[in-house]
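Single-letter residue listing:
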Amino acid sequence: MPRLSNRVIHADPVQNGDLMVPKYRRERVTPGIVHLGIGAFHRAHMAAYVDDLLADNPGWGIIGASLRRPDTRDALAPQDFLYTLAVRDASGTRCRVIGSILDVLDANTQRGQLIETMADPRIRIVSLTVTEKGYCHDPATGALDEQHPDIVHDLAHPDSPVSAPGLIAAALELRRRRGLIPFTVMSCDNLPSNGKTARRIVTRFAELRSPELATYVRTVSFPSTMIDRIVPATTDADREIIRQIIGLDDAWPIMTEPFTQWVIEDDFPAGRPPFESVGAQLVDDVEPFELMKLRMLNGSHSTMAYLGYLSGYQHVSEAIADPAIRRLVHGLMTEEAMPTLPMARPVLEAYRDQLLARFANPALKHRTWQIAMDGTQKLPQRLLGTIRDRLAAGQGIERLALGVAAWMRYVTGIDEAGNPIEVKDPHAARLRQIADAAGHDAARLAKGLLAVSEVFGTDLPLNPAFVEPVTRHLQSLLELGAKATTGQVA
Ligand code: CS2
């Protein structure tokens, strides 16, 4: 079977049947964007929006960069960086070939080339999906973690950075020296006020490097965005399904849902493509959209991930099909998250109902284990922000507290059948030490984990209105298990 490539997709359309291919000649496209973190989410989301606008705006091609591993580059280079985006739901699978990514650089072996590319005057936007941990920040305060090993390295070796802040600073320094205007830095990660967070991190890094760079960075725009599309990790079974559908070999197709949403703060002094022409929403204030999404979608996701995994559900669609988990998630959104959000109630109710349908998508094999990873980086904005607002208003947090307790049970690294759980988290070893020392003593385990200040800060561990329900639910999880405990709380 032939490999997906430029040659194949520009061959006689008859050969491609009804496969949707780029509506533009790729050789006419030039780079305008560098994207750091060229993972599955970006390829299902921003890269698809850009693909839709390139026919009329060919100067906005994407150069991707992988910061951690060369896998994406190795997989896509032989197929001219083309890949299949497979939109799946109960009605079937619809495939399209995405051509907006022109190249992928491996930051570990092509660092100099990446920084030079980011300094190219044609590059007017540097966007990021480096996940929460890629910001090298303290999740509880949002400040740059100046002791982070990558930050320590990059300050000592500013011309060979390994972190996203370090790479951005190195490229901005080059542009400064060359008298060029800066690119816009657009965060597309699940962080509260992600643009402000990116600004805080990069500005502080620049201040630690030089006053001149710090002054220059203060002229950089960091718009916030809200990004939303559910994108499970691609499996070999997915690859075979796509191979059969399109009749071509694609080393790394991306599976996703029909729903997509992108809300962008309109602040691009170096210019931008007409994102609004392809369905993005350009607004003055992204925060209401961000809070709604982080607290309703991502808060429900993390709660389902831990309770679902502990209950024996491998996929989100199985977890939400459990009546007790569905009741719990519905109640968490309706009774505990929605009252903290500024959006109008009908908008929130419609969003909730749409989320419940999205979670139930039977065609998406979204693993609870995938969502469960990096909990120390996710809990602050997904559950703890809502909890703080509820406690400040003197309101209950039973369901949210169960989400936190389920994370605590999960990071013990042993499931209810006594089997090991592969806990993926930057602090996994530390969490495991705390859990091993506490054993099945809920109060001790809760106290030990609540002392992880990067997650819980210094306020929540001292608040009995938070500690009591979390400890009580943890006790129940340890004694009765996730299914019984969920049934009691939902
Ligand atoms: C998920 C998110 O893996 C996770 O933590 O909660 O990736 C989620 O699928 C996206 O934010 C949906 O937009």
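Our structure's up above, just so we're on the same page.
Now for a quick tour of the structure. (Residues numbered from 1 in each chain as written. Predicted model: local features only at pLDDT ≥ 70, side-chain atom pairs only at ≥ 80, totals over all residues. Heavy atoms only, no water.)

1. Some points on the overall build of the protein chain
Looking only at helices and strands, one finds 23 helices and 11 strands in the protein chain. Its C-alpha radius of gyration of 23 Å places the protein chain within 12% of the 23 Å reference for a compact globule of 490 residues. In the protein chain, buried positions account for 59% of the 490 residues. Taking as baseline every contact in the protein chain between residues at least 6 positions apart, the subset at least 24 positions apart corresponds to 76%. For the protein chain, the exposed surface amounts to about 18500 Å²; the carbon and sulfur share of it is 52%. Looking at the protein chain, you have 53 positive and 59 negative side-chain charges, and the mean spots of the two groups are 1 Å apart. (Helix = DSSP H or I, 4+ residues; strand = E, 2+ residues; numbered from the N terminus. Rg over C-alpha atoms; globule rule 2.2 N^0.38 Å. Buried < 20%, exposed > 50% of the residue type's maximum accessible area, 1.4 Å probe, protein only. Contact = heavy atoms within 4.5 Å. Areas by Shrake-Rupley, 256 points an atom, 1.4 Å probe, with all protein chains shown as cover. Lys, Arg positive; Asp, Glu negative; His and termini not counted. Charge placed at Lys NZ, Arg CZ, Asp CG, Glu CD.)

2. Description of the environment of Asp459
If you trace the backbone, Asp459 turns up in the loop between α21 (453-456) and α22 (464-479). For Asp459, a relative accessible area of 37% corresponds to the partly exposed category. C-alpha of Asp459 to C-alpha of Arg367: the two residues are 92 residues apart in sequence and 33 Å apart in space.

3. Re helix α11 (residues 236-246)
Taken as a whole, α11 has its buried residues at Asp238, Ile242 and Ile246. Projected down its long axis, α11 carries its buried residues within an arc of 50°, all on one side. Opposite the buried face of α11, by more than 90 degrees, sit the exposed residues Asp236 and Gln244. As for α11, its buried residues are in contact with β3 (83-89), β4 (92-98) and β9 (254-256). At the exit of α11 stands Gly247, carrying a positive phi of roughly 70°. (Arc of directions from axis to C-beta.)

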